[in-house]
Amino acid sequence: MNPAPHPRPAPGLPGLPGRRGLLGGLLAGAALAAVPALAAPARAGARPAPAPASPAGPRATRPLLLGTYTSEGGGGTGIGTAAYDTGTGAITPGPVITGVENPSYLAPHPSGATVYAVAEQGAGAVTAVAIGPDGTYEVLGSRPTGGSGPTHLSVHPSGRWLLSANYTSGSVAVHPIAEDGSLGERTDLVTHSSPPPGPGQGGPHAHQIVTSPDGGHVLAVDLGTDTVYTYRLDASAGTLTEVSRAALTPGSGPRHLAFHPGGRFAYLACELDNTMVVCAYDPATGVLTPGPGQSTGTGSGVSYPAQPVVTGDGAYVYLANRGHNSLTRYAVEGDGAVLRLLDTVPVGGDWPRQLALSPDSSLLFAANQRSSTVTVFGVGPDGSLTGAGTPFPAPVAVCVLPLP
């Protein structure tokens, strides 16, 4: 399919510009003048210095990367770097990795030596950035995805293949990863040509592509066709073969899913009908079986749920609700088969586009697109969320990636 000639419209909001275009009016003016160091370009350099030692002794810090849009007025200038305190969640800004266009989603290599970014634009691309042993960064180059508006990417657990989802053109792509982490020419491109798009959805819109926990299958979530496609990846050729499809409620707009660590269930956020769906997953066949839509706890109206995340122990699930500007907390029961709604809490920002847990699940980060902030929460033993300090300013924050 040829790339669509216009950006994605905001679902359910007729007359508004696309996912990036709506930012101009929201972020123009004095609000952007307040964005600090991360908005200033800098050469890729060393990670920020650790936070000063506290009276009780040194505190551990870990690197944090921030995705943004570089083509919007007042947007970012590349991939933001920062460090976060593993105890308090406090974020310290660092320089910007320039030379990376519209890095709206980021994903690490399993080795930790490379990170990858989409270039969410008409001529979609993916970019590799090496992370040196001394903490410096080097842009290794980009490759076209063969589609338009890529919004998600992930690395296959083998570390040999990069998977990306082209939203606007409704396709998924595969690129080989070389030993040094750089990308080779695309080995496959699959367009979601059927089933027909859901009501008012215009066409296929691949929004996410991930590998199942067992590594046996690749799943692509398509918001436009209300379908999750399961593929088998040829580990030698880097090609995808479809093996199954999961049909969601027409017009529900499935966006992102997250697997339970047990590998038998996944939790799927549906953007257009404001629901969360528990899906059973069969690792042997790759078949995903959706259950009924469940409440997000945000009341009436559409809150555009964006992304679920699951704690490392599989005990809790959190969901970002953009329209409601909140986080929903679910308890996981029945070995992953049941979600029990517990509560929602204010996210402390505007339009939480993406969530990420720290490697030990003790901190939850939310990238708030419209307020250009990252908010941080401490995660309690009971899954409760407690705000950790003031929101961290970051221009058009659309992705936050805490690294080990």
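Treat the numbers as computed from the prediction; the structure is a model and nothing was measured.

**Student:** Before we move on, could you go through the overall build of the chain and cite the residues and values that matter?
**Tutor:** The number of helices and strands found in the chain is 2 helices and 29 strands. Sorting the 404 residues of the chain into buried and exposed places 58% on the buried side. Taking the intrachain contacts of the chain between residues at least 6 apart in sequence as the baseline, contacts between residues at least 24 apart amount to 51%. As displayed, the chain offers around 14,700 Å² of accessible surface, 56% of which is attributable to carbon and sulfur atoms.

**Student:** Go over the pairing of strand 19 (residues 288–295), please, and point to the residues and values.
**Tutor:** Both strand 18 (residues 275–281) and strand 19 contribute to a ladder of 6 bridges, which runs antiparallel. Considered in strand 19, the bridge of Met-276 is made with Gln-294. Hairpin connection, strand 18 to strand 19: the antiparallel pair is bridged by 6 residues, and Gly-286 has positive phi, about 80°.

**Student:** Which residues make up the sheet that holds strand 9 (residues 161–166), and what values do they have?
**Tutor:** The strand order across the open sheet formed by 4 strands is 8-9-10-11, and the pairing between neighbours is antiparallel. Looking at strand neighbours, the two that pair on one side only are strand 8 (150–155) and strand 11 (188–191), the edges of this open sheet. Taken pair by pair, the neighbouring strands of this sheet meet at an average axis angle of 15°, ignoring direction. The pairing of strand 9 with strand 10 (residues 171–176) spans 6 bridges and is classified as antiparallel. Of the residues in strand 10, the one forming a bridge with Leu-163 is Val-174.

**Student:** Please provide a residue-by-residue account of the sheet that holds strand 20 (residues 305–310), values included.
**Tutor:** The strand order 20-21-22-23 describes an open sheet built from 4 strands, whose pairing is antiparallel. Edge positions in the open sheet fall to strand 20 and strand 23 (338–346), since each of these has one partner strand only. Across the sheet, the mean angle from the axis of one strand to that of its neighbour is 20°, orientation sign disregarded. Inspection of the sheet shows strand 20 paired to strand 21 (residues 316–321) by 4 bridges, in the antiparallel sense. Considered in strand 21, the bridge of Val-309 is made with Tyr-318.

**Student:** Tell me about the pattern of salt bridges, and name the residues and values.
**Tutor:** On inspection of all chains with the given rule, the structure shows 7 salt bridges. Arg-353 is paired through a salt bridge with Glu-120; the nearest N and O atoms lie 3.7 Å apart. With Arg-353 in strand 24 (residues 352–357) and Glu-120 in the loop between strand 5 (114–119) and strand 6 (125–131), this residue pair connects regions lying 233 residues apart in the sequence. With a shortest N-O distance of 2.6 Å, Arg-340 and Glu-333 are connected by a salt bridge. Beyond isolated ion pairs, a larger network of salt bridges with shared partners links Arg-255, Glu-271 and Arg-322.

**Student:** An account of the environment of Gly-159 is needed here, citing residue identities and associated values.
**Tutor:** Inspection of the secondary structure assignment puts Gly-159 in the loop between strand 8 and strand 9. Once residues within four sequence positions are removed from consideration, Gly-159 is found in contact with His-109, Pro-110 and Ile-177.

**Student:** Give me unusual backbone geometry: which residues, what numbers.
**Tutor:** Of note, the bond from Ser-194 into Pro-195 is cis; its omega dihedral lies within 30 degrees of zero at 0°. A positive phi angle, near 55°, is found at Asp-335, a position not held by glycine. As for its placement among the helices and strands, Asp-335 is situated in the loop between strand 22 (326–333) and strand 23. Assessed through its relative accessible area of 73%, Asp-335 is described here as exposed.

**Student:** Kindly report on the pairing of strand 12 (residues 206–211), identifying the contributing residues and their values.
**Tutor:** Of all 6 residues in strand 12, 6 are buried; the element is thus mostly enclosed. By the bridge criterion, 5 bridges tie strand 12 to strand 13 (residues 218–222) in an arrangement that is antiparallel. Pairing of Thr-211 across the sheet is with Val-218, part of strand 13. Where strand 12 folds back onto strand 13 in an antiparallel hairpin, the turn is made up of 6 residues, including Gly-215, whose phi is positive at roughly 80°.

**Student:** So what's going on with the side chain of Thr-373? Residues and values would help.
**Tutor:** You can see Thr-373 is positioned in strand 26 (residues 373–379). Only 2.8 Å separates the side chain of Thr-373 from the side chain of Ser-371, close enough to count as a polar contact. Those residues in contact with Thr-373 that lie beyond four places of it in its chain are Gly-349, Ala-366, Ala-367, Asn-368, Pro-391, Phe-392, Pro-393, Ala-394 and Ala-397.

**Student:** Quick one: what's the story with the nonpolar core, residue by residue and with numbers?
**Tutor:** Core analysis: the biggest nonpolar cluster contains 24 residues, and Leu-65, Ile-79, Leu-106, Tyr-116, Leu-153 and Leu-162 have the highest contact counts within it. Going through the elements one at a time, strand 4 (106–108), strand 5, strand 6, strand 8 and strand 29 (399–402) are the ones with two or more residues in this core. In this structure Ile-79 touches Leu-65, Leu-66, Pro-95, Val-96, Ile-97, Val-100, Pro-103, Leu-106, Ala-117 and Val-129, once residues within four positions along its chain are discounted.

**Student:** Which residues make up the environment of Thr-298, and what are the values?
**Tutor:** Residue placement: Thr-298 occurs in the loop between strand 19 and strand 20. Its relative accessible area of 8% is what places Thr-298 among the buried residues. For Thr-298, the contacting residues outside a window of four places in its chain are Asn-274, Ser-303, Asn-321, His-324, Ser-326 and Thr-328. In terms of polar contacts, Thr-298 uses its side chain to reach the side chain of Asn-274, at 3.1 Å. Within the structure, Thr-298 has its side chain in polar contact with the side chain of Thr-296 (distance 2.8 Å).

About the criteria used
Residues numbered from 1 in each chain as written. Predicted model: local features only at pLDDT ≥ 70, side-chain atom pairs only at ≥ 80, totals over all residues. Heavy atoms only, no water. Helix = DSSP H or I, 4+ residues; strand = E, 2+ residues; numbered from the N terminus. Buried < 20%, exposed > 50% of the residue type's maximum accessible area, 1.4 Å probe, protein only. Contact = heavy atoms within 4.5 Å. Areas by Shrake-Rupley, 256 points an atom, 1.4 Å probe, with all protein chains shown as cover. Pairing = 2+ DSSP bridges. Axes fitted to C-alpha atoms, helices over the stretch in contact; angles between N-to-C directions. Salt bridge = Lys/Arg side-chain N within 4 Å of Asp/Glu carboxyl O. Polar contact = N/O pair within 3.5 Å; in protein donor to acceptor, adjacent residues only side chain to side chain. Core = buried A, V, L, I, M, F, W, Y, C linked by side-chain atoms within 4.5 Å.

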